[in-house]
Amino acid sequence: MRENYIKGSDNVCGVIGDPIAHTLSPLIHNTLSEKLGQRAVYVPFCVTKENLKTAVSGAHALGIKGLNVTMPHKQEMFKYVIEVSKEANTVGAINTLVYTNEGYIGHNTDAEGLALSLKEKGIEWTGKKVVIIGSGGAAYAAYTAVADTCESICIVNRTKEKAEALKTHMTNYYNIPTFVYEDAEDLELEAYMVIQTTGLGMGGLKGQMPKCSEKLLKTAEVAVDLIYEPWETKFLETARKEGCITVNGFGMLYYQAVIAYELMHHMSCDKEAVLQIKQELLKDREQ
Ligand code: NAP
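Note that this is a predicted model, so its numbers are computed, not measured.

### Topic: the site of the ligand
- Taken together, 20 residues sit near the ligand, with Ser135, Ala138, Asn157, Thr159 and Leu226 positioned nearest.
- Between the ligand and the protein, one listed contact pairs an oxygen atom with a backbone N or O atom of alanine 138 at 2.8 Å.
- At 2.9 Å from a nitrogen atom of the ligand is found a main-chain nitrogen or oxygen belonging to leucine 226.
- Summarising the interface, the protein chains cover 73% of the accessible area of the ligand, which totals 910 Å² for the free molecule.
- Across the shell around the ligand, the residue classes break down as 8 nonpolar, 10 polar and 2 charged.

Written as structure tokens, this is what we have:
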């Protein structure tokens, strides 16, 4: 009989979103299980907004041990969990559900995933100025990732009201000087690290970058783009040519998945093995 068949005692986990075909989460979670020798299987589920409530109660009835949650359900999910972690409240989104007998607990692992991916590269922002470009869900995670120790945060966004809303939300959790600006070519700002969180640079917006980028990147030391497809966006290419340390979004994606894996399976993964698995996943790509 085959050794790698799914057994009745295996943990079943998955990811829900709409659309879901593009997700790399099954690749990451199933590779982690295989390499770490865990008996578990992780599957993608396309769930529409209309079916979200039924899907969550159905998953619980089926005993699904953990679910990742992706667009467009990260905010809506607050309605369907029995408890919310501090991180999920701070980021304002749930990306991970962990099974209990009474229902699911909602977590968010994006901010910690980003922080780990930066620390892995030796990047340290304590006492330094950070600029966050964008004010969508990813910007909330970026703010949470750096706000514990940085000196100040400047939020730059096309729509200033959304940047103001991000600042107001974060005053509930942090006491860090925060300044808000509208994206503009002549914006005068200097920072140690610039984190690009908008969708500019991917899909139909490939080859584009926020207006403030060119000027900001002339003085920044570290440039982070949460996009990983393409591997190097126009923003990161410009930053590299200016001599910045550059980081794309793959590390954040990978480490948010590792932290979610640990929560779902109630275990901690060996750090060396986690790093090795990341390198294996990237073996055909530039690192
Ligand atoms: P979102 O909530 O839709 O926010 C999008 C942001 O991009 C907003 O600030 C929006 O500005 C700005 N934007 C969009 N189009 C723009 C344009 N043409 N010009 C200027 N600004 C524009 O999206 P999100 O969830 O924050 O995701 C943003 C990016 O982060 C995506 O590329 C996503 O793939 C990436 N991401 C990566 C990871 C990872 O693990 N690496 C995790 C989450 C997200 P307005 O406020 O003016 O509309």
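From this point, the discussion proceeds with the structure in view.
### Regarding the pattern of salt bridges
- Throughout the structure, instances matching the rule amount to 10 salt bridges.
- Between aspartate 10 and arginine 39 there is a salt bridge, with its nearest N and O atoms 3.0 Å apart. In this pair, aspartate 10 is assigned in the segment before strand 1 (11–17) and arginine 39 in the loop between helix 1 (25–36) and strand 2 (40–46), connecting sequence segments 29 residues apart.
- Note on aspartate 10: relative accessible area 9%, which makes it buried.
- Arginine 39 sits in the partly exposed class, given a relative accessible area of 38%.
- Two residues, lysine 278 and glutamate 120, come together in a salt bridge whose shortest N-O distance is 2.8 Å. Residue lysine 278 is found in helix 10 (residues 271–281), and its partner glutamate 120 is found in helix 4 (residues 110–120); the two are separated by 158 residues along the sequence.
- With a relative accessible area of 8%, lysine 278 lands in the buried category.
- With relative accessibility at 30%, the residue glutamate 120 sits in the partly exposed group.

### Things to note about the domain arrangement of the protein chain
- Annotation of the protein chain at the domain level lists domain 1 (11–108 + 253–286) and domain 2 (112–248).
- On a C-alpha basis, the centroid separation for the pair domain 1 and domain 2 is 25 Å.
- In this complex, domain 1 contributes 14 residues to the contact, which on the side of domain 2 involves 15 residues.
- Interface area lost by domain 1 to domain 2 is led by Thr90, Val91 and Tyr255, which between them contribute 40%.
- At the surface where domain 1 touches domain 2, the tally comes to 4 residue pairs in polar contact (both at pLDDT 80 or more).
- Elements with a minimum of two residues in the side of domain 1 that touches domain 2: helix 3 (86–91), helix 9 (250–265) and helix 10.
- In terms of residue count, the dominant contributor to the side of domain 1 that touches domain 2 is helix 9 (4 residues).
- The class makeup of the residues in the side of domain 1 that touches domain 2 is 7 nonpolar, 4 polar and 3 charged.

Each value, and the rule that gives it
Residues numbered from 1 in each chain as written. Predicted model: local features only at pLDDT ≥ 70, side-chain atom pairs only at ≥ 80, totals over all residues. Heavy atoms only, no water. Near = heavy atom within 4 Å. Polar contact = N/O pair within 3.5 Å; in protein donor to acceptor, adjacent residues only side chain to side chain. Areas by Shrake-Rupley, 256 points an atom, 1.4 Å probe, with all protein chains shown as cover. Nonpolar A, V, L, I, M, F, W, Y, C, P; charged D, E, K, R; others polar. Salt bridge = Lys/Arg side-chain N within 4 Å of Asp/Glu carboxyl O. Helix = DSSP H or I, 4+ residues; strand = E, 2+ residues; numbered from the N terminus. Buried < 20%, exposed > 50% of the residue type's maximum accessible area, 1.4 Å probe, protein only. Domains from an automatic or database assignment. Contact = heavy atoms within 4.5 Å. Buried area = accessible area lost by both parts, 1.4 Å probe.

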